[in-house]
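Read off the chains here:
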Amino acid sequence: MNRTSISDLKAKAKDQLLGNYGTAAGSFALYFVIVYSVYMIVMSAMGVSFIGTRNGNEAVQSVLSEVITQLVTIAITALASIMSTGFIYVIRKISDEEAASVSDIFFVFRNHPDKVIIISLFMSVPQTILMIPSMIVSRFMYDPDGEALGVDGKMFMIYIILAVLALIISVIIDIYIGMAYQIYIDDPEDGVMNMIKGSIGMMRGNAFRYFYLLLSFIGYALLVVLSLGVTILWVFPYQLMAITEFYKDLRDDAVFEEIL
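About the thresholds
Residues numbered from 1 in each chain as written. Predicted model: local features only at pLDDT ≥ 70, side-chain atom pairs only at ≥ 80, totals over all residues. Heavy atoms only, no water. Helix = DSSP H or I, 4+ residues; strand = E, 2+ residues; numbered from the N terminus. Buried < 20%, exposed > 50% of the residue type's maximum accessible area, 1.4 Å probe, protein only. Contact = heavy atoms within 4.5 Å. Areas by Shrake-Rupley, 256 points an atom, 1.4 Å probe, with all protein chains shown as cover. Patch = residues over 30% accessible without salt bridge, like charges linked within 9 Å, V, L, I, M, F, W, Y side chains within 5 Å. Salt bridge = Lys/Arg side-chain N within 4 Å of Asp/Glu carboxyl O. Axes fitted to C-alpha atoms, helices over the stretch in contact; angles between N-to-C directions. Parallel < 35°, antiparallel > 145°, perpendicular 65-115°, else oblique. Left-handed = near helix turned anticlockwise from the far one by under 90°. Nonpolar A, V, L, I, M, F, W, Y, C, P; charged D, E, K, R; others polar. pLDDT = per-residue confidence, 0-100.

*Asks:* So what about the overall build of the chain? Which residues, and what values?
*Replies:* Helix and strand counts for the chain stand at ten helices and zero strands. In the chain, the order of α-helices and β-strands from amino to carboxyl end is α-α-α-α-α-α-α-α-α-α. By residue count, 38% of the 260 residues in the chain fall in the buried class. A fraction of 76% describes how many contacts in the chain between residues 6 or more apart in sequence connect residues 24 or more apart. Accessible surface for the chain amounts to roughly 14,100 Å². Of this, 68% is attributable to carbon and sulfur atoms.

Here is the structure:
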C-alpha cells in the first residue's frame, strides 16, 4: 500500500497551519503554562514537606523522596495527557479545516477524561517501572562520601546499559500506543482498550516510518535550544500537525488489527 511520503506530510502540515498559527501557538502556550505551573507548585510543596520531616535517616529519606516523586510525576503526566490531548483536538480541527479556538484545549475535560488518563497510565507506568533498575544501580555507583570521582566503572556501565534499554523500550511504547490519543479524538465514546489496540494495529508495519518522522524534527529541536525555547511555539504545533497528518494518512484506508 502506498503511503504519503514524510516530506509531503510535513509540507501539508505547514500548509494547514498557515493562518492558524495564532490559535495553535496560543493553545500550546496555555497547555504549557497550566502543566508547568501545577508541576512547580506540587514539587515546591513536596520540597517543603521533605525538609520539614527529615529525620536523620538520609538513605531511607532519599529513597522515599524518589518513590513519591515518581508517583507524583505519573499523576502530573496524567494531567499533561489530558491537556496535550486537548491540544491534539485543536490541531485536528485545524487539519480538518474546522473553526478552532484556544478554549478547545479543554475538550477532554468534557469528554471522558478518565479514558485519556488510562491511556497515559498504560504508557507512563511501564516506563517508570523500566527506570527502577537504573535508579537502584545509581545508588551503588559512588563511593560512601558521594564524590563524583569515586564512580565505580562497572556499576556505571551497568547503569548506562539499563538506562539505554529503558529508553529504547520507552520509545517503542510511545510509538505503538501514542496514536491511541488520536483515536480517542475520533470517538471518545469508544472503549480504552479498543483505542490502544487500534494504535498498536495501526503502527504494525509503520513504526519505523513514524520513528523517521520524529527524527526528522531533530534539527527543529536544535533550533528551539538555540532560540532559548522561543521557537517552540512554532515547532511543536508544526510537529504535532505532521503527526496528525501521519495518523490521518494511515486511518483513511487502515483496518485496525485485532490484538488478542
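*Asks:* Mind laying out a nonpolar patch on the surface, listing which residues take part and the relevant values?
*Replies:* A grouping of Phe156, Met157, Ile160, Val164, Ile168, Ile169 and Ile172 is seen on the molecular surface, where their side chains present a nonpolar patch of about 570 Å² in accessible area. Within the secondary structure, Ile172 sits in helix H5 (residues 153-177). A relative accessible area of 43% places Ile172 in the partly exposed class.

*Asks:* Before we move on, can you summarise the environment of Phe246 with the specific residues and values?
*Replies:* Position of Phe246 relative to the elements: it lies in helix H10 (residues 232-251). Residue classification places Phe246 among the buried positions, given a relative accessible area of 0%. Sequence separation between Phe246 and Ser5 is 241 residues, and the spatial gap between their C-alpha atoms is 9.3 Å. Non-local contacts of Phe246, meaning those with residues more than four positions away in its chain, are made with Ile6, Leu9, Met179, Met203, Asn206, Arg209, Tyr210 and Leu213.

*Asks:* Give me the lowdown on the packing of helix H4 (residues 113-138) against helix H7 (residues 192-203), citing residues and values where you can.
*Replies:* At a minimum axis distance of 10 Å, the contact between H4 and H7 shows a crossing angle of 45°. Regarding the angle of H4 to H7, the classification is oblique. When the axes of H4 and H7 are compared, the crossing they make is right-handed. Residues Lys115, Ile118, Ile119 and Phe122 of H4 lie in contact with H7, whose contacting residues are Val192, Met193, Met195 and Ile196. Residue composition of the contact of H4 with H7, grouped by class: seven nonpolar, no polar and one charged.

*Asks:* Please set out the confidence of the model for the chain residue by residue, giving values where relevant.
*Replies:* Averaged over every residue, the pLDDT of the chain is 85; residues scoring 70 or more account for 83%. The secondary-structure element of the chain with the lowest mean pLDDT is helix H3 (residues 58-95), recorded at 80, while helix H6 (residues 180-186) shows the highest, at 96. Counting interchain partners and residues more than four positions distant, the pLDDT-below-50 stretch residues 50-56 has seven contacts. Low pLDDT, under 50, characterises residues 255-260; the predicted model gives this stretch nine contacts beyond four residues in sequence or across chains.

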